[in-house]
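What the coordinates show
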Amino acid sequence: MLTSERSIARTRLHDRVFSIAGGLVTLGAVMFLGVLLFDLARDGLSRVDWQFLTSFPSRRPGQAGIFSAWVGSMLIMLVTAVTAIPLGIAAGVYLEEYARKNWMTSVIEINISNLAAVPSIIFGLMALGLFVYKFGFGQSILAGGLTLGCLILPIVIVATREALRTIPRGMREAAYALGATRWQVVRHHLLPYSTSGIATGVIIAMSRAIGETAPLITIGALTFIAFLPPAPIVTDPELMIQPLRWVWSPFTVLPIQMFNWVSRPGDDFLRNAAAAGVVLIALTLGMNAVAIVLRYRLRRRIKW
Amino acid sequence: MPQAYTPSTSVDGPGPGGTRVEALPALRPRSALSRALEWLVESSLLLAAAFSVFVTAGIVYVLATESIPFFRHVSIWEFFTDRMWTPMFAEPRHGILPLVAGTLTTTAVALVVAMPVGTMIAIWLSEFAPSRVREIVKPVMEMLAAVPTVVYGYFAVDFVTPALQHLIPGLPTFNMLGPGIVMGVMIIPYVSSLSEDAIRAVPMLLREGSYAMGAGRLTTALRVVFPAAFSGIAAAYVLAISRAVGETMIVAIAAGQQPNLTFNPLDPAATITAFIVQVSLGDLPHGSVGYQSIFAAGVTLFVMTLGFNIIGAYLKRRYRQAY
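Residues numbered from 1 in each chain as written. Chains lettered and ligands numbered in written order. Predicted model: local features only at pLDDT ≥ 70, side-chain atom pairs only at ≥ 80, totals over all residues. Heavy atoms only, no water.

Considering the overall build of chain A
Secondary structure summary: chain A contains eleven helices and zero strands in total. Mapped in sequence order, the helices and strands of chain A form the string α-α-α-α-α-α-α-α-α-α-α. At 25 Å, chain A has a C-alpha radius of gyration far larger than the 19 Å of a compact globule built from 304 residues. Over its C-alpha atoms, taken along the principal directions, chain A stretches across nearly 90 × 65 × 35 Å. The buried share of chain A, taken over its 304 residues, is 51%. If you take every contact in chain A between residues at least 6 apart in sequence, the share linking residues at least 24 apart comes to 74%. When the accessible area of chain A is evaluated, it comes to approximately 14,400 Å², of which 66% is carbon and sulfur surface. Of the side-chain charges in chain A, 27 are positive and 15 negative, and the distance between the mean point of each set is 6 Å. (Helix = DSSP H or I, 4+ residues; strand = E, 2+ residues; numbered from the N terminus. Rg over C-alpha atoms; globule rule 2.2 N^0.38 Å. Buried < 20%, exposed > 50% of the residue type's maximum accessible area, 1.4 Å probe, protein only. Contact = heavy atoms within 4.5 Å. Areas by Shrake-Rupley, 256 points an atom, 1.4 Å probe, with all protein chains shown as cover. Lys, Arg positive; Asp, Glu negative; His and termini not counted. Charge placed at Lys NZ, Arg CZ, Asp CG, Glu CD.)

Spelled out as structure tokens, the structure:
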């Protein structure tokens, strides 16, 4: 039958064409990332040097740097990590291991999935009203870190739950059979087994936080900071050590510094922006690469 | 939980071979301290889980308390019908429409990019690509979603818009097309990964049935798998819309800062998010109408995204239940 042969040939051709077209489209999306990285590196890589990393912002683009910005980013990340990681893991453990099926649990679950989809700038507005004014934290590192902590909380919770879910039921039952309490099961078995899974999620969440700009602008982070937050150890005769004084300091962060330079006229500032972008993207993509490797090794190593 | 029980301290008697069986240690009831600790742990974990509800409550509380005074100054009617948004002018006008128009236009441009490309990538990855290619492409897609948005904004202004100006002479430096396209690429991973999940949930039997009828892979993908996975793919679209509506930095950098009631992507226009950023950068006194206006804009944004999220969650639940 000639017609059926022809129709088979046509089917094969269609499959072939789509297979190639789909591959090209995928390649196009990957290339977009490649072009972006190339464009950024071409404009900014030569500008990233010791002077750039250790100078404060300046009106003269050639002397400006990102010292206060990267220090600010690190300190904000510290506050975010200290709040969001324990809270997120605890919430994940509760929902996966403790929660009974009742209305309260489903309210919490629906709430978390909704929260994950709220635009980041809304978190900024919440923080402006609540942290900055109501709680009186001002436009400080504390307020900024808490804002991003709230923002990444759902990511940490979901990652924790997924990591716990991969542990087979038998593990829990074996521990209970030996008389372990629920907390003993969590502490001695579930948390150790899920550490790398949780770590993967936490790294991805932190890389998201480090690139966030909008919520920090909304709470009023400054764009021009030519000083560092106070060091924890000061030569003040009254109080030699003030370990938490820095959390009240005003701050700027890398993405805000970059935004500030992008919106200024002049190619030199644009080059500075690109250089800040190089540092920023190296941080975020580096963290993501670590997470991907971690997950890949995890998948290969663990066979329940 | 095993019930505590108190057995006799030793069990004597003939074992299987007539030998004596070792004495079992006594099972003691758990101490009050241990039970208190368990209770304490469970309560604090519950508190941590409940914290996320407090965050949502905080969002709703702030948006409500800060925008209610705003709507005492500005009538809801004016807010939705006035065609000008100039809250910072000496004679302020408060019509949200120009900002909504900017938001919808940039979102539409992004969707025109992300929907076909994202769907095609999802179908290709799940139905056509060899598994080794998939292992490489998926992490790269994740990287696409991990690029900070301010970097995307830079790329829109520095590369995409100038490139477009070669194709479209007279395109202004700030326009909605360039950032819209970049935003579209940014949300491709959201569309493709959610769609792929939905496509994978389609049972193999459906595909095999189609192949048995003589259909090719493309016909099976488009006529059988795609319709079967459609509610999941639609959920991916809707959640991508919500992302695009709430995206801030790309449009704040590259689309312009002037509210402009237009749906033409070649024009510059501010979005809701760009307006909030612009005002936040300035130094508005706490409690002024200008300050409150960003919360009124925020409420609008929150309601829009909430609506899309609810539709998306509904569609997602539907495809999960289907098989």
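Regarding the packing of helix α3 (residues 67-98) of chain A against helix α1 (residues 32-73) of chain B
Direction vectors running N to C along α3(A) and α1(B) enclose 110°, while the axes themselves pass 7 Å from each other. Overall, the two elements α3(A) and α1(B) adopt an arrangement that is roughly perpendicular. Here the hand of the crossing between α3(A) and α1(B) comes out left-handed. Contacts between α3(A) and α1(B) involve L87(A), A90(A), A91(A), V93(A), Y94(A), L95(A) and Y98(A) from the former and V41(B), E42(B), L45(B), L46(B), A48(B), A49(B) and F51(B) from the latter. (Axes fitted to C-alpha atoms, helices over the stretch in contact; angles between N-to-C directions. Parallel < 35°, antiparallel > 145°, perpendicular 65-115°, else oblique. Left-handed = near helix turned anticlockwise from the far one by under 90°.)

Observations concerning helix α4 (residues 131-146) of chain B
In this model, α4(B) (16 residues) spans 23 Å end to end at C-alpha, consistent with the 22 Å of a helix rising 1.5 Å per residue. Of all the residues in α4(B), the buried ones are R134(B), V137(B), P139(B), M141(B), M143(B), L144(B) and A146(B). (Expected span 1.5 Å × (residues − 1).)

Quick word on the pattern of salt bridges
Applying the stated rule across the entire model yields 14 salt bridges over all chains. Of the charged contacts, one joins K138(B) and E196(B) as a salt bridge, the two residues approaching to 3.5 Å between their closest N and O atoms. With K138(B) in helix α4 and E196(B) in helix α6 (residues 177-200), this pair connects stretches of sequence that are 58 residues apart. The class for K138(B) is partly exposed, based on a relative accessible area of 32%. For E196(B), the salt bridge is made with R200(B), and the minimal N-O distance between the two is 3.1 Å. With E196(B) and R200(B) both in helix α6 and four residues apart, this pair spans about one turn of that helix. Its relative accessible area of 2% is what places E196(B) among the buried residues. A relative accessible area of 45% places R200(B) in the partly exposed class. Salt bridges linked by common partners bring E96(A), E109(A), R161(A) and R165(A) together as one network. (Salt bridge = Lys/Arg side-chain N within 4 Å of Asp/Glu carboxyl O.)

Observations concerning the domain arrangement of chain A
Residue and element names in this part refer to chain A. Per the domain assignment, the segments making up chain A are domain 1 (2-45) and domain 2 (49-301). Between the C-alpha centres of domain 1 and domain 2 there is a distance of 36 Å. Between domain 1 and domain 2, the residue contacts involve seven residues of the former and seven residues of the latter. A combined buried area of about 540 Å² lies between domain 1 and domain 2, and 83% of that area is made up of carbon and sulfur atoms. Summed over the three residues of domain 1 that lose the most area to domain 2, namely L40, D43 and G44, the buried surface amounts to 65% of that side. Counting the contacts that link domain 1 with domain 2 gives zero salt bridges. On the surface where domain 1 and domain 2 come into contact, there are zero residue pairs in polar contact (both at pLDDT 80 or more). Tallied by class, the residues present in the side of domain 1 that touches domain 2 amount to five nonpolar, one polar and one charged. (Domains from an automatic or database assignment. Buried area = accessible area lost by both parts, 1.4 Å probe. Polar contact = N/O pair within 3.5 Å; in protein donor to acceptor, adjacent residues only side chain to side chain. Nonpolar A, V, L, I, M, F, W, Y, C, P; charged D, E, K, R; others polar.)

A closer look at the packing of helix α5 (residues 120-134) of chain A against helix α6 (residues 141-165) of chain A
Residues and elements named next belong to chain A. Look at α5 against α6: their axes get within 9 Å of each other, and the N-to-C directions meet at 135°. For the element pair α5 / α6, the angle class is oblique. For the element pair α5 and α6, the recorded crossing hand is right-handed. Across the interface between the two elements, S120, F123, G124, M126, A127, F131 and V132 from α5 touch A143, L146, T147, C150 and L151 from α6. Here the contact of α5 with α6 is composed, by residue class, of nine nonpolar, three polar and no charged.

Remarks on the interface of chain B and chain A
Opposite the 74 residues of chain B that make contact, chain A presents 81 residues. Taken together, both faces of the contact between chain B and chain A bury some 7,000 Å²; the carbon and sulfur share is 77%. The largest contributions to the chain B side of the interface with chain A come from L45(B), M143(B) and Y154(B), which together make up 9% of the buried area. Linking chain B to chain A there are two salt bridges. One salt bridge in this structure joins E142(B) and R295(A), with 3.1 Å as the shortest N-O distance. Inspection of the region where chain B meets chain A yields 13 residue pairs in polar contact (both at pLDDT 80 or more). Top contributing element to the side of chain B that touches chain A by residue count: α1(B), with 21 residues. Across the side of chain B that touches chain A, the residue classes tally to 51 nonpolar, 14 polar and nine charged.

Some thoughts on the packing of aromatic side chains
Enumeration according to the criterion identifies 21 aromatic pairs over all chains in this entry. An angle of 25° between the planes, with centres 6.3 Å apart, marks the rings of F131(A) and F137(A) as stacked. When sorted by exposure, F131(A) lands in the same class as F137(A), which is buried. Linked through ring pairs, F70(B), F71(B), F79(B), F80(B), W85(B) and F275(B) together constitute an aromatic cluster. Positioned above the aromatic ring of Y98(A), the side-chain terminus of R182(A) is 5.5 Å from the ring centre. For R264(A), the ring lying beneath its charged end belongs to F269(A), and the centroid distance is 4.5 Å. (Phe/Tyr/Trp six-rings, centres within 6.5 Å; stacked < 30°, edge-to-face > 60°. Lys NZ or Arg CZ within 6 Å of the ring centre and 35° of its normal.)

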